[in-house]
Amino acid sequence: MKATKWTYQGNPFYTHFKKHFCPRCGTKVKLGYERKIIYRDSIIEARNYDFSDLDTNWLDSVDFRTRCFFCPNCEINISFKEMKEYEEKRYPFQRKGM
Ligand SMILES: [Zn+2]
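Treat the numbers as computed from the prediction; the structure is a model and nothing was measured.

A. Looking closely at the overall build of the protein. Along the backbone of the protein there are 3 helices and 4 strands. Each helix and strand of the protein, ordered N terminal to C terminal, gives the series β-α-β-α-β-β-α. In the protein, which comprises 98 residues, the proportion classed as buried is 9%.

Okay, structure coming up:
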């Protein structure tokens, strides 16, 4: 059996209601996701991933999908963390309340 698990970093207001632009080319980014498949053999070592709500006894692998931004022009994924860091540097006046 295989499970798919979505992880979501950052709040929905930040990701959905604010406009975000690619740090490289300035194109408006879309929402995408990064995929990482963890196999049963490595589940115990995979401490960075949260298996707490999954029954790992019957799983062969878990397909972890983490939300991120995607630039259709550069075809790169940009994590929420990277985007936030970039925006904070570039637009320090917008930090208030975020
Ligand atoms: Zn780009």
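Resuming the write-up.
B. Quick peek at the confidence of the model for the protein. Within the protein, residue pLDDT values average 81, and 81% of them lie at 70 or more. The secondary structure element of the protein with the lowest average pLDDT is helix H2 (residues 40-43), at 68, and the one with the highest is strand E4 (residues 76-78), at 94.

C. Up close: the nonpolar core. If you look at the biggest cluster of nonpolar residues, it comprises 6 residues: Val29, Cys68, Phe69, Cys71, Ile78 and Met83. By residue number, the principal contributor to this core is strand E3 (residues 61-71), which donates 3 residues. Every residue in contact with Cys71, bar those within four places of it in the chain, is listed here: Cys22, Arg24, Cys25, Thr27, Val29, Ile76 and Ile78.

D. Representation of unusual backbone geometry. One non-glycine residue, Glu75, lies in the positive phi region at around 55°. Within the secondary structure, Glu75 is located in the loop between E3 and E4. The exposure class of Glu75 is exposed, given the 7 C-beta atoms found within 10 Å.

E. Structural context of the pairing of strand E1 (residues 2-7). Burial of E1 is sparse: only 0 of the 6 residues sit out of reach of the surface. Pairing geometry for E1 and E3, over 6 bridges, is parallel. Bridging from a neighbouring strand, Ala3 pairs with Val62 of E3.

F. Representation of the environment of Thr27 within the structure. Take Thr27: it is sitting in the loop between helix H1 (12-17) and strand E2 (30-39). On a C-alpha basis, the gap between Thr27 and Asn73 in space is 6.9 Å, while along the polypeptide they are 46 residues apart. Setting aside residues up to four positions removed in sequence, Thr27 forms contacts with Phe21, Cys22, Cys71, Pro72 and Asn73.

G. View of the environment of Gly26. Counting through the fold element by element, Gly26 comes out in the loop between H1 and E2. The sequence separation of Gly26 and Asn73 amounts to 47 residues, and the corresponding C-alpha distance is 9.3 Å.

H. How the structure looks around the environment of Tyr33. Along the chain, Tyr33 falls in strand E2. Here the alpha-carbon distance between Tyr33 and Phe64, two residues 31 residues apart in the chain, equals 9.6 Å. In this view, Tyr33 contacts Arg65, Thr66, Arg67 and Cys68; residues no more than four positions away in its chain are not counted.

Thresholds, definitions, all that
- Residues numbered from 1 in each chain as written.
- Predicted model: local features only at pLDDT ≥ 70, side-chain atom pairs only at ≥ 80, totals over all residues.
- Helix = DSSP H or I, 4+ residues; strand = E, 2+ residues; numbered from the N terminus.
- Buried ≥ 20, exposed ≤ 12 C-beta atoms within 10 Å, placed from the backbone.
- pLDDT = per-residue confidence, 0-100.
- Core = buried A, V, L, I, M, F, W, Y, C linked by C-beta atoms within 7 Å.
- Contact = placed C-beta atoms within 7 Å.
- Pairing = 2+ DSSP bridges.

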